Amino acid sequence: MAKPKIRGELKTVPISEVYPNDYNHNEMPPEMMEKEEEAFRRFGVIRSVLVRSPEPKRYIIIDGEHRYKILKNAGETMIQIRDLGPISEEEAKMLTVVLDEIKGQKDFIKSAELFAGVKAYTHEEIASFLPYKVEEIDTMVGALDFDFTEYGSLKDPFEDDMVTEFGTIVCRVPKDEAGELDAAAEAMATTVGVSDKKEAVQLGKLFTHLLKEAVANVK
């Protein structure tokens, strides 16, 4: 196995010489962009933008477009980059996907313990720069005092699924009604046009659809 190598040269260059690529697949909703902007206001920029340089003084972003946009919108004239040099567009595209897709998954309990242990920031402040709502952070921290032992292991039953775009919510239903509820869910999924070859994903899509409708009706 080849040893990993550190690539690229760290530079600080005029932001006018840096350009977004035309294939970025990582779209960020406006509310998440606001949170990232707040994080930079509080903590500053601590990561360089990864680029390639197909020609002198022209740097194309591989990873870090949102950081670039925030700095540009803030009126900054300089930006720190890690330049990989004149690598091919094909390699740059693959790096864009790799750096976006291969990330660790958050552990619910460890995240909750981190939030509970941070006393310098309120839950409202944390929610202003992280992708959580205040209520979600309150629930996570509150769960630390809950006794889960009667529900068995906290292990995600689908953690080996390798489908990273889904999370798992575990619930229990009365045993004598499980069959009837399963059949009703199958029929309802057909009615509302929700389908997936994986039963758990189909049930999750149905649950999401019905819950969103219920919330909309309450409003």
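A quick note: this is a predicted structure, and the numbers were derived from the prediction, not measured.

Another point: the overall build of the protein. Helix and strand counts for the protein come out as eight helices and five strands. The buried share of the protein, taken over its 219 residues, is 25%. A fraction of 68% describes how many contacts in the protein between residues 6 or more apart in sequence connect residues 24 or more apart. Carbon and sulfur atoms make up 56% of the accessible area of the protein, which amounts to about 16100 Å² in all.

Strand order in the open sheet formed by five strands is E1-E5-E3-E4-E2, and the pairing between neighbours is mixed. Across the chains shown, the open sheet's two edge strands, defined by having one partner strand only, are strand E1 (9–14) and strand E2 (18–19). In this structure, E2 lies alongside strand E4 (residues 58–63), joined through two bridges in parallel fashion. Paired with Val 18 across the two strands is Tyr 59, which belongs to E4. Against the sheet, helix H2 (residues 65–73) touches E2, strand E3 (49–55), E4 and strand E5 (78–83), its axis set at about 125° to E4.

Here we take up the pairing of E5. Burial of the side chains of E5 is restricted to one face: Ile 79, Ile 81 and Asp 83 are buried, whereas none of Met 78, Gln 80 and Arg 82 on the reverse face is. By the bridge criterion, three bridges tie E3 to E5 in an arrangement that is parallel. Residue pairing in the sheet places Leu 50 in a bridge with Arg 82 of E5.

It is at 10 Å that the axes of helix H1 (residues 30–43) and H2 come closest, and there the two elements cross at 70°. Taken together, H1 and H2 sit at an angle that is classed as roughly perpendicular. Once H1 is placed against H2, the crossing between them reads as right-handed. Contact residues: H1 offers Met 33, Glu 36, Glu 37 and Phe 40, while H2 offers His 66, Arg 67, Lys 69 and Ile 70. Split by residue class, the contact of H1 with H2 holds three nonpolar, one polar and four charged.

What follows concerns H1. Count 3.6 residues to each turn of an α-helix, and residues three or four apart come out pointing the same way. For H1, spanning 14 residues, the distance from its first C-alpha to its last is 20 Å, which sits close to the expected 20 Å at 1.5 Å a residue. By the burial criterion, the buried members of H1 are Met 33, Lys 35, Glu 36, Glu 38, Ala 39 and Phe 40. Tucked inside the fold, the buried residues of H1 contact H2 and helix H5 (123–129).

Moving on, we get to the nonpolar core. With 11 residues, the main nonpolar core is built from Val 13, Ile 15, Val 18, Val 49, Val 51, Tyr 59, Ile 61, Tyr 68, Leu 71, Ile 79 and Ile 81. Among the elements of the structure, E3, E4, H2 and E5 are those that each provide at least two residues to this core. Apart from the residues within four sequence positions on either side, Tyr 68 is in contact with Ile 15, Val 18, Pro 20, Val 49, Ile 61 and Ile 79. Core analysis: the second largest hydrophobic core is formed by eight residues, Ile 126, Ala 127, Met 140 and Val 141 among them.

The geometry of an aromatic ring pair comes down to the distance between the two centres and the angle between the two planes. All told, the structure shown has four aromatic pairs when counted by the stated rule. Grouped by ring-pair contacts, the aromatic residues Phe 43, Tyr 121 and Phe 129 constitute a single cluster. Taking NZ or CZ as reference, Arg 58 lies 4.4 Å from the ring centre of Tyr 19, over its face.

Procedures and definitions
- Residues numbered from 1 in each chain as written.
- Predicted model: local features only at pLDDT ≥ 70, side-chain atom pairs only at ≥ 80, totals over all residues.
- Heavy atoms only, no water.
- Helix = DSSP H or I, 4+ residues; strand = E, 2+ residues; numbered from the N terminus.
- Buried < 20%, exposed > 50% of the residue type's maximum accessible area, 1.4 Å probe, protein only.
- Contact = heavy atoms within 4.5 Å.
- Areas by Shrake-Rupley, 256 points an atom, 1.4 Å probe, with all protein chains shown as cover.
- Pairing = 2+ DSSP bridges.
- Axes fitted to C-alpha atoms, helices over the stretch in contact; angles between N-to-C directions.
- Parallel < 35°, antiparallel > 145°, perpendicular 65-115°, else oblique.
- Left-handed = near helix turned anticlockwise from the far one by under 90°.
- Nonpolar A, V, L, I, M, F, W, Y, C, P; charged D, E, K, R; others polar.
- Expected span 1.5 Å × (residues − 1).
- Core = buried A, V, L, I, M, F, W, Y, C linked by side-chain atoms within 4.5 Å.
- Phe/Tyr/Trp six-rings, centres within 6.5 Å; stacked < 30°, edge-to-face > 60°.
- Lys NZ or Arg CZ within 6 Å of the ring centre and 35° of its normal.

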